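Secondary and tertiary structure notes
Listed here are the chains, written in short residue letters.
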2 protein chains.
Amino acid sequence: MDERAALALLEDELEPVGDDAAVVDDLVITTDMLHERTDFPAGTTRYTAGWRSVGASLSDVAAMGAEATAAVAAYAAPEFDREELLEFVRGATDVCERVGAEYVGGDLDDHQEFTVTTTAIGRTDDPVPRSGAEPGDLVCVTGTLGRSAAALELFERGARDGDAVEGDADALERANDCFCFEPRVAAGRALAPHATALMDSSDGLARSLHQLAAASDCGFAIESAPIPVSETLQDLVDDETEVLERATTFGEDFELVATVPDDALEAVRSAIDVELSVLGTVTDPAAGVTLDGDELEDCGYTHGE
Amino acid sequence: MDERAALALLEDELEPVGDDAAVVDDLVITTDMLHERTDFPAGTTRYTAGWRSVGASLSDVAAMGAEATAAVAAYAAPEFDREELLEFVRGATDVCERVGAEYVGGDLDDHQEFTVTTTAIGRTDDPVPRSGAEPGDLVCVTGTLGRSAAALELFERGARDGDAVEGDADALERANDCFCFEPRVAAGRALAPHATALMDSSDGLARSLHQLAAASDCGFAIESAPIPVSETLQDLVDDETEVLERATTFGEDFELVATVPDDALEAVRSAIDVELSVLGTVTDPAAGVTLDGDELEDCGYTHGE
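Note that this is a predicted model, so its numbers are computed, not measured.

1. As for the UniProt feature "binding site: Mg(2+) 4" (unreviewed entry) in chain A
All names here are of chain A.
- Under the present numbering, the feature "binding site: Mg(2+) 4" (unreviewed entry) in UniProt falls on Asp20, Thr30 and Asp60. In terms of the greatest pairwise C-alpha distance, the residues named above, spread along 41 residues, form a tight cluster of at most 7.2 Å across.
- Mapped onto the secondary structure, Thr30 falls in strand β2 (residues 27-35).
- Take Thr30: its relative accessible area is 4%, and that puts it in the buried class.
- Discounting chain neighbours no more than four positions away, the residues touching Thr30 are Asp20, Ala21, Ser57, Asp60, Val61, Thr118, Thr119 and Ala120.
- Of note is the side chain of Thr30, whose polar atom sits 3.4 Å from the backbone oxygen of Asp20.
- The residue Asp60 is located in helix α3 (residues 46-62) in this model.
- Note on Asp60: relative accessible area 8%, which makes it buried.
- Residues in contact with Asp60, not counting those within four places in the same chain, are Asp20, Ala21, Thr30, Asp32 and Asp200.

Encoded structure:
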């Protein structure tokens, strides 16, 4: 059984299911485990690892439309280097401060591979599920897509076999910058009163749309022109088709994908603190998920390979 | 830097520090990572692993005197076996139900070694810290000590090199029973209005007393006679000195260690749902931590070796 089959099994067994975070009373809670081999390319600093791993959980809180309250991390490594540990804590603390949450520490463990499990909690009286999209709603995305794909490209250029190559330090620094994303907690709060469905784009836009379509029993018709592609990715990759594919399928950008009734768009736009792009509309389920009229395949999350 | 030095470093860097769980507003949150090599002896079922790992975090919530609200787990294994995963979820769900919390799932990850990170959250308006013990208070412990030491003894008898030996299945079943402890959430709630300091005994009674002594700037004078030793441990080990040492230093029993003013003892006893043993009294810091008048060393947490 692979990880997706195992997750599907758990979703059958457990309630509540299918959203970015679980809801208990007015609390949301979410946990993620990341590890070096698949999530932190060679050249990722511990500061970035702290920011990114805690940020991923904060993004799940944002994807419920909740305020972010606090986060913890369990940090496991083969050995504990003082500077690495402090850098991790600094990254974790900074990303929490960015969204008004508190980083309140966690656990340390001894492990063969650098492994981090982060948990974030938040509060909302009115969580936004993935299941409320209605035909005619607009489908929107925050920020830009492809930042993490660009970061991976930069990590690959800046590092070979785990060691930085002389002269590529700048690529690594840019890679780390690109890899530290802003969890869209404020945007989620701005979307919450209006959005009919909400999730984050951690598995890529294409997979996110398929997940929303399954949860809401709807289809999506989106256009490629308004997809907000990271400028860094455009600078790094010449082929426009390749750029679009990475931006829509690579994932790990932690932007929010929302469906919003047409007449609420202006209210959202006036309340939100980040660019909001309208990619298309929600359709009937029979129409499937399309990009420029063609079927958009359910593929994504190929980072780190 | 070893794990204790790393933890000490984190405590210097992060606020709030030193308690069993972090406090944010009226919430408490705590996270723990456990893994096969050090925490789950050969013969531990996945049901027990689910119960025990989630229970450990619920125990930290109990140690703050809080109600337990919810728990999540990130489950990582080299491969996902359907039955193992369901057993884990069943153990995790059962231990949550036992204390009135909800198990709300978590994350799955691919890892060389079976590794679980659990996080629990709870609520209290009046968390009990480790730092309030006053000379003259009584020092009390819930339940019995040495259950996990007994479980390890049973696991060792029941398993060799990871395989159960014919005829020792009963030992493994008893080991798993012993290893599934009751998180003392209700007891923590009963203690909370009266206790001046509270923590759980996860590192053993001896180390817990030293940690309370450091946090409260006090000493402890306890007697061995009232220490509530697990009957299973007494049955398994003949040497009385050895029994006492394992009961006080092995740890992982997840009982509560509390200091309570003399005049509050009856109120606590009438409210609590478990045996509460009075081991001795809080003293001045200069008197140190003593057992039957002799210094009690700060040692513990040698499980799994």
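2. Quick word on the pattern of salt bridges
Residue and element names in this part refer to chain B.
- Enumeration over the complete set of coordinates arrives at 28 salt bridges over all chains.
- Of the charged contacts, one joins Arg130 and Asp20 as a salt bridge, the two residues approaching to 3.2 Å between their closest N and O atoms. Of this pair, Arg130 sits in the loop between β5 (115-123) and β6 (138-142) while Asp20 sits in the loop between α1 (3-13) and β1 (22-24), and the two are 110 residues apart along the sequence.
- When its relative accessible area of 14% is taken as the criterion, Arg130 is described as buried.
- Relative accessible area serves as the criterion here: at 9%, Asp20 is assigned to the buried category.
- Among the salt bridges present, the one from Glu252 reaches Arg52, with a minimum N-O distance of 3.6 Å. Separated by 200 residues along the polypeptide, Glu252 in the loop between α10 (240-249) and β11 (256-260) and Arg52 in helix α3 (residues 46-62) bring together distant segments of the chain.

3. Focus on the side chain of B:Glu255
All names here are of chain B.
- Assignment of secondary structure puts Glu255 in the loop between α10 and β11.
- For Glu255, a relative accessible area of 3% gives the class buried.
- Of note is the side chain of Glu255, whose polar atom sits 2.6 Å from the side chain of Thr142.
- With near-sequence residues (within four places) excluded, Glu255 lies in contact with Val141, Thr142, Gly143, Thr144, Leu145, Arg184, Met199, Asp200 and Ser201.

4. A word on a negative patch on the surface
All names here are of chain A.
- A cluster of acidic residues, Glu223, Glu245, Asp292, Asp294, Glu295 and Glu297, forms a negative patch at the surface.
- Structurally, Asp294 can be placed in strand β14 (residues 294-295).
- For Asp294, a relative accessible area of 53% gives the class exposed.

5. Quick word on α3(B)
- In this model, α3(B) (17 residues) spans 24 Å end to end at C-alpha, consistent with the 24 Å of a helix rising 1.5 Å per residue.
- The largest bend in α3(B) is about 25°, located at B:Ala56.

6. A short note on the sheet that holds β2(A)
All names here are of chain A.
- Strand order in the open sheet made by the five strands is β1-β2-β5-β3-β4, with mixed pairing throughout. The strands lining the two open edges of the sheet, one partner per strand, are β1 (22-24) and β4 (102-110). Shown here is a sheet whose adjacent strand axes are inclined to one another by a mean of 20°, direction ignored.
- Where strand β3 (residues 67-77) meets strand β5 (residues 115-123), nine bridges bridge the pair, whose relative direction is antiparallel. Bridging across to β5, Ala68 finds its partner in Gly122.
- Together, β2, β3, β4 and β5 form the strand contacts of α3, whose direction differs from that of β5 by roughly 40°.
- Contacts from helix α4 (residues 82-98) reach β3, β4 and β5 within the one sheet, and its direction differs from that of β4 by about 150°.

Rules of the game
- Note on numbering: residues in each chain are counted from 1, in written sequence order.
- Written order decides the labels, with chains lettered from A and ligands numbered from 1.
- Where totals are concerned, whole chains, interfaces and linings use all residues; where local detail is concerned, this predicted model gives features only for residues with pLDDT of at least 70, and gives and counts side-chain atom pairs only at 80 or more.
- The side-chain quantities take in all heavy atoms of the structure and omit both hydrogens and water.
- UniProt positions are given in the numbering used here, feature names are shortened, and annotations may be inferred rather than shown by experiment.
- Numbering of helices and strands starts at the N terminus; helices are DSSP runs of H or I of at least 4 residues and strands are runs of E of at least 2.
- Throughout this description, buried means an accessible area under 20% of the type-specific maximum (1.4 Å probe, protein chains only), exposed means over 50%, and partly exposed covers the range between.
- Whether two residues touch is decided by their heavy atoms; if any such pair falls within 4.5 Å, the residues are in contact.
- In the analysis that follows, any N or O atom pair within 3.5 Å is treated as a polar contact, provided that within protein one partner can donate a hydrogen and the other can accept it, and provided that, for residues neighboring in sequence, both atoms belong to side chains.
- Note on definitions: salt bridges are taken to be side-chain nitrogens of Lys or Arg within 4 Å of carboxyl oxygens of Asp or Glu.
- Each patch is built from residues lacking any salt bridge and having more than 30% relative accessible area; the joining distance is 9 Å for like charges and 5 Å for nonpolar side chains (Val, Leu, Ile, Met, Phe, Trp, Tyr).
- Each accessible area is a Shrake-Rupley result for a 1.4 Å probe, and residues are judged covered by the shown protein chains and nothing else.
- The charged-residue count follows a simple rule in which Lys and Arg add positive charge and Asp and Glu add negative charge, with His and chain termini not counted at all.
- In this description, the location of a charge corresponds to atom NZ of lysine, CZ of arginine, CG of aspartate or CD of glutamate.
- A helix is expected to span 1.5 Å for every residue after the first.
- Note on bend: at a given residue it equals the angle between the axes fitted to the 7 residues ending there and to the 7 starting there.
- Think of it this way: DSSP has to see at least two bridges between two strands before they count as a pair.
- A fitted line through C-alpha atoms represents every axis, and for helices the fit uses only the stretch in contact; the resulting angles, taken between N-to-C directions, go from 0 to 180 degrees.

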